[in-house]
Structures are given as structure tokens and as C-alpha cells.
Amino acid sequence: MSKLNGDVLLYIFQHLHDLININSNNKKNYKNSLHSCLFVNKLWCEIMIPVLWSYPHNYVYKKNLLLNIIISHLSNNSIKFLKDENIIEKNFQKQKLSFNYIRFCKYLNNIHYIFPNYKQRLRKEIYKLFIRECSSIKCLSYDMLDYSICEFPNANVSLSNLSELDCTEEQYSYYKLAQICRSIEKIKFKINENELSRVAKLIEMQKQIKYIFIEEYVECERFAHVLEKQANSIIYLNLRTFVHSLLYTLLPKLINLQFLRIHMEGKQSEKFKECIMNAGYYKLQILELQKISLELAINIIQNTNGNLWKIKIRLANCNKAKEYNQTIYKYCPNIKYVTVFLNRIETLEELENIFIKCQHLKAIDIDESILKEYCDNFLELIIKSAPLSLYKIHLYYENQFSEKTLNLFFSSWGGENKKTLHLYSRCSNWVRFTKKYKGVVEYDYYKDDFWNHEITWN
């Protein structure tokens, strides 16, 4: 391994880095592995340092140590000023640096966590340092625009490749960013209507916007117009907001959309329903809906082209649970992760059809109670008909099953030469089975890593 050439090592290290960012649960598994690579030899260290420092906050163990290293990059005059103003300790000593670590920094979105809250002048000095030394910043800390970073020396270079932007504050810097940035692909909006015209100018100047996250009510004709111009390049749309007219004009034009998440507050208007039902979702791969009726979920799925591999439903009206389960096996042959419902009559029969026709299935998510009369049959059905690829089950309520039934289920699973079964719940009543059936079943508290791969914001 130590004789692999630099390009191969960089590819491997970068892949490990990407695994951490794709799934937060991988962080504990791979973080130590990345750090240990620093100590193999000089070549490994020189290749790994830029990877680790590209996202400095992601790999730090002690934030005060990271802050001290960053401060050590400042000039002696700057450090003297900070000491004289009691911004840093009088006895602070610059560390001896083997690299200019700052120039490797790219993703600064969480860097503000390392600063004491009250030391605003220290932040300004550090942000000046980042702008001056970083060769290519991809993502900013949420507060960096508060410090007029577009006016700092070297801003035209360090910000020219910015790819992510979180628009959550009232900022006059949006217009200045528009003069510098052309490569922003991910943008999040949580601002009032007074700011939208400046943000609209920023969007207008980008080559292609791919990821959009809208958290606030948006009603601006120019804003809607510039987003429509980007419609062909948008692959990710995340709406967490009240219904707004922007959705009506934009959604039907997103012909290349791959990810759609809607968390809708308030009553859904007829115009909203009509918009959802008339849009085409031919390239959609991931669908996440919260507080959206199953009728609309069914319609979205029916308007896809068989590419869906993940469907997550929360807080839906379940009157059409049977029809929803039918829609899964009729329109989603490539489904891997899916919410199903077993809280209505005849829903278990449809789950059997899902098992038979969806042979890529890895995980089923049941976020509602199961009909009491279905419990034992549900476990029997998994053993009898579930595809060999299935190894994750999330259950909303685990106390519905008798201990006798569970013992029989786990014994049968272990005898089928299947993967270790991962059970997820918000309770912990099944922990005792992980010891009895070690290697057969593992228990996890329910969290987002159940859904495995994600199109992540960062």
C-alpha cells in the first residue's frame, strides 16, 4: 500500500472523505482511518493533509486546538494586536506549522463553531485570513457575509468557485457576490421578500443551479422568473414552507428533477393539488413527503418512470394505504428504501406483492402502527417472501409482537443465510435479542442513517 502512486492514494482518500459526507453514520467508522493515514509515510501525509483540511471542522477532535492552529497562520502583527486588545490570551504562542493549512480549506460552513461567541473581531481576522489564503472556497460559514468578505483582498479569487450558499440573512453582499460567483450549484433560501431581488440577481449570474432548498414563503415575480430559467439544471428541490405561487410555475418545468422533498404546512389548496398532479417526474429517484395526502403521493409515483429507489412518507392521511402499497409494486421496480403501511385491511397482501415484484428492496419503513391481527403474519411473510436483499426494518411500535413470535422469527432469519438483520425503532425493547441472536440481528435507535444514501446538502 505504501508504494501506491499519489494519484491512486488521492482517489482512495477522497472516496473515504466522500463516504463520511454521504452518511453521517460513517463518520465514526472512517474518521480514525483518515487520521491514521497521516502517519504511514511522508507521501501519505502530504496527500492526506489537503483532504482533511478541505473541511476542517468535519475532522477536528478539539475545536480549541483547531482554532489555535488557524490563529498561528496570522501575521505577528495581527497576533500582537489581538493580544493587546485581549482578544486572545497574552501567553498565546504560535505553533510551528508544517504546511499552510489554510490554503487547503474549501468547506467552511461549520467553522463558526470553533469561535467564542463574543469575539467578533477574532472572527473578522480569521475570515480575512481565509479569503486571503484559500485557493478555492466552496461553502461559507453562515455568518461570513456579515463581515463584508467580498471586499477583503483576494475575494475575487477565493470566492470565484463558490458552489454552495445559505441565504438566511438580510445581506447587501448578495449583489457583490453576483459580480464574483458563477459556479453556485446549491442554494438555500430563508429570507424575506425584501432580499429576493438581490438574491435573484445572484441566481441569474450562475451557470447552473442544481440544488434548491426553500424554507420561507416566497412571492417575488423576478425571483420566480430567474429560477424558471434554471429549471433544466435543477435536480434537487426541497420545500419546507407554506404553499406559494412559485411552486405552481416552477414544479411542472423541472424535467430533470431527481430528488423531491415537500414538507408542507397549512391546508393544501386545490391549485396546489392540481400542480402536483399535472407535473411529470420522469427522472425522479428520491421522494420524501411530510403532511401530504397519500392520494397526492400516489399520483406523483404514477407520474414517474420507474427510477424511484427511495420513498419516505411521514404524517400522511392513510385512507388510501392499500392503493399506495399497490402503487409501489406497480410503478417502482427498482425501489430499495420505502415506507409501507400495514394499518388498513388488505395492506399486508399488497406488501407480499411488493416483496415478490421489488427484488432490489433493502429496507422497509413502517412509521404507523400495524393492525394487531397482522403482526404474526407480517413476520412470517418476511421470512417466506422478502427478497434476499432486504436487511433493514424500521417499526414505529415494537411492543405488538409476542416474545414467542419474535424468537421464532429471529431463529428462522438466522437459518436462511441472509444478511444480518438491522432493526430500527425509537424504543429499546428489542435490545435483549441482539445478545441472544448475535450476528443474526442488530438493533439501532431510529435515525436518518436508516435511509442510508442521501443526496446531501453538503
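Please refer to the structure higher up on the page.
Residues numbered from 1 in each chain as written. Predicted model: local features only at pLDDT ≥ 70, side-chain atom pairs only at ≥ 80, totals over all residues. Heavy atoms only, no water.

1. As for the overall build of the protein chain
Looking only at helices and strands, the protein chain features 19 helices and twelve strands. Here the protein chain holds 458 residues, and 53% of them are scored as buried. Counted over contacts in the protein chain with a minimum sequence separation of 6, partners at least 24 positions apart contribute 64%. For the protein chain, the accessible area works out to roughly 21,700 Å², and carbon and sulfur atoms hold 48% of it. (Helix = DSSP H or I, 4+ residues; strand = E, 2+ residues; numbered from the N terminus. Buried < 20%, exposed > 50% of the residue type's maximum accessible area, 1.4 Å probe, protein only. Contact = heavy atoms within 4.5 Å. Areas by Shrake-Rupley, 256 points an atom, 1.4 Å probe, with all protein chains shown as cover.)

2. Observations regarding helix H14 (residues 294–302)
For H14, a buried count of seven out of nine residues is recorded, marking the element as mostly surrounded by other parts of the structure. Residues Leu294, Leu296, Ala297, Ile298, Asn299, Ile300 and Ile301 constitute the buried set of H14. Lining the buried residues of H14 we find strand S5 (259–265), helix H13 (270–278), strand S6 (286–290), strand S7 (310–314) and helix H15 (321–331).

3. Concerning the packing of helix H10 (residues 196–204) against helix H11 (residues 221–229)
What describes two packed helices is the angle between their axes and the distance between those same axes. In contact at an axis separation of 9 Å, H10 and H11 are set at 15° when each is read in the N-to-C sense. Between H10 and H11, the angle is such that the two are roughly parallel. Between H10 and H11 lies a crossing whose hand is left-handed. Contacts between H10 and H11 involve Leu196, Ser197, Val199, Ala200, Lys201, Ile203 and Glu204 from the first element and Arg222, Phe223, Val226, Leu227 and Lys229 from the second. In terms of residue class, the contact of H10 with H11 is made up of seven nonpolar, one polar and four charged. (Axes fitted to C-alpha atoms, helices over the stretch in contact; angles between N-to-C directions. Parallel < 35°, antiparallel > 145°, perpendicular 65-115°, else oblique. Left-handed = near helix turned anticlockwise from the far one by under 90°. Nonpolar A, V, L, I, M, F, W, Y, C, P; charged D, E, K, R; others polar.)

4. Notes on the pattern of salt bridges
Under the defined criterion, the tally for this structure stands at 16 salt bridges. Among the ionic pairs, Lys322 bridges to Glu346, the shortest N-O distance being 2.5 Å. In this pair, Lys322 is assigned in helix H15 and Glu346 in the loop between strand S8 (337–339) and helix H16 (347–357), connecting sequence segments 24 residues apart. For Lys322, a relative accessible area of 25% puts it in the partly exposed group. For Glu346, a relative accessible area of 36% translates into the label partly exposed. Salt bridges linked by common partners bring Arg261, Glu288 and Lys310 together as one network. (Salt bridge = Lys/Arg side-chain N within 4 Å of Asp/Glu carboxyl O.)

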